[in-house]
Amino acid sequence: MIESRLVRITEVGPRDGLQNESGIVPATEKIALVDALGKAGFPEIEVTSFVSPRWVPQLADAAEVMAGIERRPGTVYSVLCPNEKGVERALAADAGKISIFTAASESFCQRNLNATIEESIERFRPVVDAARAASLPLRGYVSCVVECPYEGLITPEQVGETVRRLLALTDGDIEIALGETLGVADPDQIEQLLEEVEIDVPISEIDLHLHDTRGRALSCVARALECGIRAFDSSCAGLGGCPYAPGASGNLATEALLEFLHANEWATGVDRAAVLEAAAIANRITGRDSGG
Ligand code: HMG
Ligand code: MG
């Protein structure tokens, strides 16, 4: 059998990046960033979140952004939803995929969603029902898969438990995205994590969402590829962070991920030159050159 050399990249900069800016980025700038990323040919761009504007004021304009972006065929425009109100707003905005999000750490879940892990799963029930009724695919994030800013190290077994709750909620019809929220993992930790999660989910269907605080994300990617992972999240210009994960820096930069993958003969279908143009817009928006 010929091994597939295709890797699927979800660009999460507009959501994971811009949720974390201290100032409010105008919707027009967000739309310009998403449209620039659209030209690169990503299979999926995570555009924004339909969360409480009290909690994340940076994304209060989610509906306006979704209404303003150009939708390119072949690209799924996904959004985060924490609850029923979120999914109602997401459906009204014609989202292409619904991502729910919880954690392997109780303390992080409490800070991020004001809920226990179990309560967060209960809140997702109407979200799952609505997404299904609209025939939209689902993603389920599990945050803090290696370490939590409040509880320290998290075991692979804790992650496995949350993954199983998401699978039970959806009869297994959900893409599992493992969030290394703090960006501190080393390749051995990633391998141990994947060994546990692949008990319940085929490895080629797991998505890895890496932040890059300690600069080891690419070595984690290399190990994850050896383990059989074929889907990664990344963020142009290395934008990213989580308002409820102090100390965490940006996501793995898309430019760096593409350079690494293409140099190692992995195909992505993503045009790196177009990503560099989008990264220039991201740098203009943030006023930083994050050097992705
Ligand atoms: P709560 O305060 O317990 O909920 O927050 P509530 O139901 O009492 O709502 C509070 C107010 O928000 C109310 O408004 C609601 O109507 C409103 P008020 O009556 O006070 O005017 N509200 C909403 N408005 C719009 N859309 C909604 C919505 N829901 C409530 N969907 C809640 C609970 C879940 C809402 C809150 O905790 C929340 O929004 N959390 C989101 C936090 C977040 O977005 N974190 C970042 C994303 S996760 C992440 O970055 C990690 C990831 O990248 C992976 C990784 O790296 O690990 C994915
Ligand atoms: Mg993240």
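For the structure, check the block above.
Keep in mind that this is a model prediction, so the values were computed, not measured.

Caption draft 1: Quick look at the overall build of the protein. A tally of helices and strands in the protein yields 11 helices and 10 strands. If one aligns the C-alpha atoms of the protein with their principal axes, the spans along those axes are about 45 × 40 × 40 Å. The contacts of the protein with a sequence gap of at least 6 include a subset with a gap of at least 24, amounting to 74%. On the protein, roughly 11600 Å² of surface is accessible, and the fraction owed to carbon and sulfur atoms is 49%.

Caption draft 2: The arrangement of the coordination of the magnesium ion (ligand 2) in detail. All of the protein donors around the magnesium ion (ligand 2) are Asp16 (OD), His209 (NE2) and His211 (NE2); their distances to the metal are 2.1 to 2.3 Å. Along the chain, the residues donating to the magnesium ion (ligand 2) are arranged with the sequence spacing D-x192-H-x1-H. Residue Asp16 is located in helix 1 (residues 13-17), and its partner His209 is located in strand 9 (residues 206-210); the two are separated by 193 residues in the primary sequence. Like His209, Asp16 is buried.

Caption draft 3: How the structure looks around the sheet that holds strand 8 (residues 175-180). Taken in spatial order, the 8 strands of this closed barrel run 1-2-3-4-5-8-9-10, and their pairing is parallel. If you compare each strand with its neighbour and ignore which way they point, the axes differ by 25 degrees on average. Bridging between strand 1 (residues 8-11) and strand 2 (residues 44-49) involves 2 bridges; their strand directions are parallel. Considered in strand 2, the bridge of Thr10 is made with Glu44.

Caption draft 4: Quick peek at the environment of Gly215. Mapped onto the elements of the fold, Gly215 is located in the loop between strand 9 and helix 9 (217-227). Judged by its relative accessible area of 54%, Gly215 falls in the exposed class. Remark: the alpha-carbon pair of Gly215 and Val56, spanning 159 residues in sequence, is separated by 27 Å.

Caption draft 5: Expanded view of the packing of helix 8 (residues 187-197) against helix 9. Put simply, helix 8 and helix 9 touch, their axes get as near as 8 Å, and they point 35 degrees apart. Considering the relative orientation of helix 8 and helix 9, their crossing is right-handed. Contacts from Pro187, Asp188, Ile190, Glu191 and Leu194 in helix 8 reach Ser219, Cys220, Arg223, Ala224 and Cys227 in helix 9. Its residues assigned to classes, the contact of helix 8 with helix 9 comprises 6 nonpolar, 1 polar and 3 charged.

Caption draft 6: Quick peek at the packing of helix 2 (residues 27-38) against helix 11 (residues 272-286). Where helix 2 meets helix 11, the closest approach of the two axes is 8 Å, and the angle between their N-to-C directions is 165 degrees. Relative to helix 11, the element helix 2 is oriented roughly antiparallel. Judged by the sense of rotation from one axis to the other, the crossing of helix 2 with helix 11 is left-handed. For the pair formed by helix 2 and helix 11, the contact residues are Glu29, Ala32, Leu33, Ala36 and Leu37 on the first element and Ala274, Ala278, Ile281, Ala282, Arg284 and Ile285 on the second.

Caption draft 7: Main features of unusual backbone geometry. Backbone geometry at Asn114 places phi at a positive 55 degrees, although glycine is not the residue there. Along the chain, the position of Asn114 falls in the loop between helix 5 (106-113) and helix 6 (117-133).

Caption draft 8: Spotlight on the site of ligand 1. Ser52, Arg54, Asn114, Ser143 and Thr181 are the nearest of the 29 residues found near ligand 1. Contact distances for ligand 1 include 3.3 Å between a nitrogen atom and a backbone N or O atom of Val51. Side-chain polar atom of Asn114 to an oxygen atom of ligand 1: 2.8 Å apart, as the coordinates give it. Here ligand 1, which alone exposes 1100 Å², has 78% of that area covered by the protein. Secondary structure elements with two or more residues in the shell around ligand 1: helix 1, helix 4 (84-92), helix 5 and strand 5 (138-143). Examining the composition of the shell around ligand 1, we find that 3 residues originate from one element, helix 4, more than from any other.

Caption draft 9: Molecular detail of a negative patch on the surface. Residues Glu106, Glu119, Glu151 and Glu161 make up a contiguous surface patch of negative charge. Mapped onto the fold, Glu119 is located in helix 6.

Caption draft 10: Quick look at the pattern of salt bridges. Scanning the entire structure with this criterion turns up 20 salt bridges. The shortest N-O distance in the salt bridge between Glu196 and Arg164 comes to 4.0 Å. Highlighted residues: Glu196 in helix 8 and Arg164 in helix 7 (residues 156-170), separated in sequence by 32 residues. Overall, the relative accessible area of 14% leaves Glu196 in the buried class. Note on Arg164: relative accessible area 36%, which makes it partly exposed. Notably, a salt bridge pairs Asp200 with Arg164, separated by 2.8 Å at the nearest N-O pair. Of this pair, Asp200 sits in the loop between helix 8 and strand 9 while Arg164 sits in helix 7, and the two are 36 residues apart along the sequence. Given a relative accessible area of 31%, Asp200 falls into the partly exposed group. Residues participating in the shared-partner salt-bridge network are Arg8, Glu44, Lys97, Arg139, Glu175, Asp207 and Asp233.

Conventions used here
Residues numbered from 1 in each chain as written. Chains lettered and ligands numbered in written order. Predicted model: local features only at pLDDT ≥ 70, side-chain atom pairs only at ≥ 80, totals over all residues. Heavy atoms only, no water. Helix = DSSP H or I, 4+ residues; strand = E, 2+ residues; numbered from the N terminus. Contact = heavy atoms within 4.5 Å. Areas by Shrake-Rupley, 256 points an atom, 1.4 Å probe, with all protein chains shown as cover. Donors = N, O, S within 2.8 Å, 3.2 Å for Na, K, Ca; no water. Buried < 20%, exposed > 50% of the residue type's maximum accessible area, 1.4 Å probe, protein only. Pairing = 2+ DSSP bridges. Axes fitted to C-alpha atoms, helices over the stretch in contact; angles between N-to-C directions. Left-handed = near helix turned anticlockwise from the far one by under 90°. Nonpolar A, V, L, I, M, F, W, Y, C, P; charged D, E, K, R; others polar. Parallel < 35°, antiparallel > 145°, perpendicular 65-115°, else oblique. Near = heavy atom within 4 Å. Polar contact = N/O pair within 3.5 Å; in protein donor to acceptor, adjacent residues only side chain to side chain. Patch = residues over 30% accessible without salt bridge, like charges linked within 9 Å, V, L, I, M, F, W, Y side chains within 5 Å. Salt bridge = Lys/Arg side-chain N within 4 Å of Asp/Glu carboxyl O. Lys, Arg positive; Asp, Glu negative; His and termini not counted. Charge placed at Lys NZ, Arg CZ, Asp CG, Glu CD.

Worth remembering: the numbers are spatial, not functional.
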